[in-house]
Amino acid sequence: KKAKTGWNIVPSAKASRTRNPIRAIVDSIAKQKLETDKDMIPLSLGDPTVFGNLKAPDVLVESIVSNARSFKHNGYCHSAGIPSAREAVAQYFGRPDAPLTSDDVILASGGSGALDIAI
């Protein structure tokens, strides 16, 4: 059998000029030595489950499988989030002196996605 080797892909000129300002901030924070005895959980590197430190509970996995098999939720949702989820967030965080409606809530896929929507 042939031994596996690493990738040998040369980035395009455009890709080489691309920069992610969020990544620069996160990388600078990650390089700092934090004075704590706690391990840092790297939530800033995309999907935190890749590192095995944020496992989904079984009830969530079972719900995802059930919904995928129903073929009712296998497409795109509204870019601000599913209306029922936005309403649930509004009800949970709203207060009598500061009521919220689903129109006040935007759900995003991660911090970078939220910044894209906000900016």
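Residues numbered from 1 in each chain as written. Predicted model: local features only at pLDDT ≥ 70, side-chain atom pairs only at ≥ 80, totals over all residues. Heavy atoms only, no water.

Chemist: Outline the overall build of the chain, listing residues and values.
Modeler: Counting secondary structure elements, the chain contains five helices and zero strands. Secondary structure of the chain in N-to-C order comes out as α-α-α-α-α. Buried residues in the chain amount to 8% of all 119 residues. (Helix = DSSP H or I, 4+ residues; strand = E, 2+ residues; numbered from the N terminus. Buried < 20%, exposed > 50% of the residue type's maximum accessible area, 1.4 Å probe, protein only.)

Chemist: Account for unusual backbone geometry, naming residues and giving values.
Modeler: Phi is positive for F71, close to 60 degrees, though the residue is something other than glycine. Along the polypeptide, F71 turns up in the loop between α3 (58-70) and α4 (83-93).

Chemist: A description of the packing of aromatic side chains should follow, citing residues and the corresponding values.
Modeler: Scanning the entire structure with this criterion turns up one aromatic pair. Both rings, one in Y92 and one in F93, keep their centres 4.9 Å apart while their planes meet at 80 degrees; by these two values the pair is edge-to-face. Both residues of the pair, Y92 and F93, count as exposed. (Phe/Tyr/Trp six-rings, centres within 6.5 Å; stacked < 30°, edge-to-face > 60°.)

Chemist: Please provide a residue-by-residue account of α3, values included.
Modeler: An ideal rise of 1.5 Å per residue puts 18 Å on 13 residues; α3 measures up with 18 Å between its terminal C-alpha atoms. Directly after α3, the chain includes F71, whose backbone phi takes a positive value near 60 degrees. (Expected span 1.5 Å × (residues − 1).)

Chemist: Describe the environment of Q91, naming the residues involved and giving the relevant values.
Modeler: As for its placement among the helices and strands, Q91 is situated in helix α4. Judged by relative accessible area, which is 59%, Q91 ranks as exposed. For the pair formed by Q91 and S102, sequence separation is 11 residues and the distance between their alpha carbons is 8.4 Å.

Chemist: Give a description of the pattern of salt bridges that names residues and reports values.
Modeler: It is possible for side chains bearing opposite charge to pair when their charged atoms get close. Applying the stated criterion across every chain, the model contains one salt bridge. Between R95 and D97 there is a salt bridge, and its shortest N-O distance comes to 3.2 Å. Classification of D97 by relative accessible area gives exposed; the value is 62%. (Salt bridge = Lys/Arg side-chain N within 4 Å of Asp/Glu carboxyl O.)

Chemist: If you had to explain a nonpolar patch on the surface to someone new, which residues and values would you point to?
Modeler: Residues I22, L115 and I119 make up a contiguous nonpolar surface patch of about 300 Å² in total accessible area. Within the element layout of this structure, I22 appears in helix α2 (residues 21-31). Given a relative accessible area of 31%, I22 falls into the partly exposed group. (Patch = residues over 30% accessible without salt bridge, like charges linked within 9 Å, V, L, I, M, F, W, Y side chains within 5 Å. Areas by Shrake-Rupley, 256 points an atom, 1.4 Å probe, with all protein chains shown as cover.)

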